[in-house]
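Understanding the architecture of this molecule
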Amino acid sequence: ASIEKGNYRHFMQKEIFEQPTVVAQTLQSYIRPLEQQVALPQMDFDLGDIKRITIVACGTSYYAGMVAKYWFETFARVPVDLDFASEFRYRDPVLEAGGLALFISQSGETADTLAALRHSKENGQKIAVVVNVPTSSMAREADLLLPTHAGPEIGVASTKAFSCQLAVLAALAAHLAVVKGKMSRDEEREVVKHLTEAPAALNAALAHDDDIADMAHHIAPARDVLYLGRGPDYPLALEGALKLKEISYIHAEGYASGEMKHGPIALIDEAVPVIVLAPSGPLFEKTVSNMQEVMARGGKVVLISDAEGIAEAGDGCLATIEMPKVHPLIAPLVYAVPVQLLAYHVAVAKGTDVDQPRNLAKSVTVE
Ligand code: G6P
């Protein structure tokens, strides 16, 4: 079937708005609604025996992997290594028996990731693959195939594949926690409930499209933009910066909020917008104090938080964008939306080629 833009101006915009639907579609394969349980496809090994997980990916898929590292360690207490596929083989990683190597890829064909998969297989790892193209090389070579059902992604900058990867990885984290005895049936039911609410939360996030489009005009003239986040929102800060670089060609950096004082704070002045991703919760106060350090130096802050967080810390910001209040397990999915929309609208304001940014390819099949 031919893929059309419909009423959208760009494929990327269409794909951002498809997220509630495709995330729901993806979750359907990983949730048993009646039992309120997480379910994974059949596998020929016992996940409960896995001692260590090595996550390998590139680009946006790598940032999904970085979120998963937080989840696997927090919920299942399984130690996780994380690598860019292009670095993995060359550092001669220690791959011990009983390890699971997890590869995340939209295309399933990225050369570096595929080479890392084969290297891991040769070194005795079980191979799990989160992939959007079910006929791809990575899908064929997996011991455990975890498909995302995002549908074809045309925009070079990945959006809906990312949120679907996060949905699968959240389900995997919960399942791993259950089989490791770190999550009770009641807690699992709770997680399933929150996952089921994710599509509605994504819709609530998308409802801020107009606000974000207005705000994008303040960001478009910038030469540099900084994104800050803590915990699982740190990878989202990195992903936000990547999206902006990819399609608007503005230099952007994602930083762990607390690390800002060790360097990037030297860059802050009135000309550098700082996007702060900070859902209310245990990490909030710390992030807000980093945000105040930015403001004290004249930096223009855009705070992305929930109503509670904005009420507490929104004064003095250039703009605030309100997200629904959600469970930490789905916050990274929800916070993906405003960073995608921001990059999109800045690119539109600058008149760049959103779906085909210069020098980039949808799938990189050379090393
Ligand atoms: C390219 C694309 C990115 C993508 C990355 C990894 O750089 O432009 O959008 O995140 O490859 O691709 P994969 O298909 O392995 O997820």
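Structure: see above.
Just so it is clear, the structure is predicted and the values come from calculations on it, not from any experiment.

Calculation rules
- Residues numbered from 1 in each chain as written.
- Predicted model: local features only at pLDDT ≥ 70, side-chain atom pairs only at ≥ 80, totals over all residues.
- Helix = DSSP H or I, 4+ residues; strand = E, 2+ residues; numbered from the N terminus.
- Rg over C-alpha atoms; globule rule 2.2 N^0.38 Å.
- Buried ≥ 20, exposed ≤ 12 C-beta atoms within 10 Å, placed from the backbone.
- Contact = placed C-beta atoms within 7 Å.
- Pairing = 2+ DSSP bridges.
- Axes fitted to C-alpha atoms, helices over the stretch in contact; angles between N-to-C directions.
- Near = placed C-beta within 6 Å.
- Nonpolar A, V, L, I, M, F, W, Y, C, P; charged D, E, K, R; others polar.

Considering the overall build of the chain
Each helix and strand in the chain was counted, giving 13 helices and 12 strands. At 20 Å, the chain has a C-alpha radius of gyration in line with the 21 Å of a compact globule built from 367 residues. Its C-alpha atoms give the chain principal-axis dimensions of about 55 × 45 × 40 Å. Expressed as a percentage of the 367 residues in the chain, the buried residues total 51%. In the chain, of all internal contacts separated by at least 6 residues, the share reaching a separation of at least 24 is 75%.

Here's the deal with the sheet that holds strand β12 (residues 319-323)
Sheet strands associate in pairs through backbone hydrogen bonding, adopting either a parallel or an antiparallel arrangement. The strand order β9-β8-β10-β11-β12 describes an open sheet built from five strands, whose pairing is parallel. Each having just a single partner strand, β9 (251-256) and β12 make up the two edges of the open sheet. Within the sheet, the average angular offset between the axes of one strand and its neighbour, ignoring direction, is 20°. Of the pairings in the sheet, the one linking strand β11 (residues 300-306) to β12 comprises five bridges and is parallel in character. In the strand pairing of β12, Asp306 is matched with Met323. Lying over the sheet, helix α9 (residues 209-219) contacts β8 (224-229), β10 (273-277), β11 and β12, oriented at roughly 145° with respect to β12. The sheet contacts of helix α10 (residues 233-248) involve β8, β9 and β10, and relative to β9 the element is tilted by about 175°.

A word on the site of the ligand
Neighbouring the ligand are 16 residues, the closest being Gly59, Thr60, Ser105, Ser107 and Thr110. Considering every element that reaches the shell around the ligand, the biggest residue donor is helix α3 (residues 59-76), with three residues. Residue classes in the shell around the ligand are distributed as five nonpolar, 10 polar and one charged.

From the geometry alone we can't say anything about function, so treat these as descriptive.
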